[in-house]
Amino acid sequence: MFDMSLLLCPGRPETLRTERLTLRPLKMSDAQDLFAYAQDPEVSRHVLWKAHRSIADSRRFLRAGIRQYRRGFPGSYAIVLNENGRMIGTIGYMWINSEFRSCEIGYSLSRDHWNRGLMTEALQAVIRHSFDTLSLNRVECQHEVDNPASGRVMQKAGMRFEGIMRQRIRNKNKYSDVAVYAVLQSDMPTAGKE
Ligand SMILES: CC(C)(COP(=O)(O)OP(=O)(O)OC[C@H]1O[C@@H](n2cnc3c(N)ncnc32)[C@H](O)[C@@H]1OP(=O)(O)O)[C@@H](O)C(=O)NCCC(=O)NCCS
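Values in this document were obtained by computation on a predicted structure and should not be read as measured data. (Residues numbered from 1 in each chain as written. Predicted model: local features only at pLDDT ≥ 70, side-chain atom pairs only at ≥ 80, totals over all residues.)

1. What about the site of the ligand?
Stage number 1. Around the ligand, the structure places 20 residues, and the nearest of them are L109, M119, T120, A149 and R152.
Stage number 2. Listed by contribution, the elements that provide at least two residues to the shell around the ligand are strand 5 (102–109), helix 4 (118–132) and helix 5 (148–156).
Stage number 3. Top contributing element to the shell around the ligand by residue count: helix 5, with five residues.
Stage number 4. Grouping the constituent residues of the shell around the ligand by class yields 10 nonpolar, eight polar and two charged. (Near = placed C-beta within 6 Å. Helix = DSSP H or I, 4+ residues; strand = E, 2+ residues; numbered from the N terminus. Nonpolar A, V, L, I, M, F, W, Y, C, P; charged D, E, K, R; others polar.)

Here it is, written out as structure tokens:
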């Protein structure tokens, strides 16, 4: 999906800051923090990776993410809590289509930090970055229909529900229906203003 000849972003993603969070490139030293939450089957239930069984799985995950930067793909950010510097989740690009200027964003967060509005804060920052810095036109997210909290994050971040795609993905050995949300550059409150 990502066309290297139409590169929009020079490798490692630039760090984004919000009131409570720093979104920065993944580092191998995130392994311990990542393993602390990625071993939780409740966190991995609705994402395409399996719960990490050992810190080796977390290192493999980080290596794959960092390799994407080297290939020139912005990939995923580490979500870091400003108050204590701990890495508590990831958010990033599942794919970017340079020709159509569209992308899909995916995310996951440590269960200790759910329901505090943190992922909404992170998603808003990545959406803004996608339009303002990467000059994309359309940002998509999708969630399994039995994961309504994720749909709520998309709504709160200003995305619009576009429909259900039946058995769009196969996750943990079963097909899943997904709800698709998107926001366009022209939907943003500041669109067209200098
Ligand atoms: C989904 C996830 C990212 C949400 O992150 P978060 O930081 O808790 O999200 P927020 O606090 O910004 O918003 C969560 C919203 O969902 C709501 N919610 C929580 N559980 C819910 C449920 N079972 N049904 C409906 N809404 C629910 C919360 O009340 C909140 O909405 P509100 O602010 O209107 O009250 C987090 O739970 C997570 O990482 N889950 C595991 C990985 C995952 O599912 N990733 C998404 C794959 S598509």
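Moving on from the coordinates now.
2. Examining the pairing of strand 3 (residues 76–81)
Stage number 1. Of all the six residues making up strand 3, five are buried; the element is thus mostly covered by neighbouring parts of the structure.
Stage number 2. By the bridge criterion, five bridges tie strand 2 (residues 21–25) to strand 3 in an arrangement that is antiparallel. Along strand 3, the bridge assignment pairs T22 with V80.
Stage number 3. Examined bridge by bridge, strand 3 and strand 4 (residues 87–97) share five bridges and lie antiparallel to one another. (Buried ≥ 20, exposed ≤ 12 C-beta atoms within 10 Å, placed from the backbone. Pairing = 2+ DSSP bridges.)

3. Some remarks on the packing of helix 1 (residues 31–38) against helix 3 (residues 55–70)
Stage number 1. It is the contact of helix 1 with helix 3, at a shortest axis distance of 9 Å, that shows an interaxial angle of 115°. By the angle between their directions, the pair helix 1 and helix 3 is classed as roughly perpendicular. Crossing of helix 1 over helix 3 shows right-handed handedness. For the pair helix 1 and helix 3, the contacting residues are A31, Q32, L34, F35 and A38 in the first and I55, S58, R59, F61 and L62 in the second.
Stage number 2. Its residues placed into classes, the contact of helix 1 with helix 3 shows seven nonpolar, two polar and one charged. (Axes fitted to C-alpha atoms, helices over the stretch in contact; angles between N-to-C directions. Parallel < 35°, antiparallel > 145°, perpendicular 65-115°, else oblique. Left-handed = near helix turned anticlockwise from the far one by under 90°. Contact = placed C-beta atoms within 7 Å.)

4. Comments concerning the sheet that holds strand 2
Stage number 1. In spatial order, the strands read 1-2-3-4-5-6-8-7; together these eight strands make up an open sheet with mixed pairing. Each of the sheet's edge strands pairs with one partner strand only, and the pair in question is strand 1 (16–17) and strand 7 (160–171).
Stage number 2. Sheet topology note: the strand 7/strand 8 (residues 174–184) ladder contains eight bridges and is antiparallel. Its bridge partner being in strand 8, N171 is matched across the sheet by K174.

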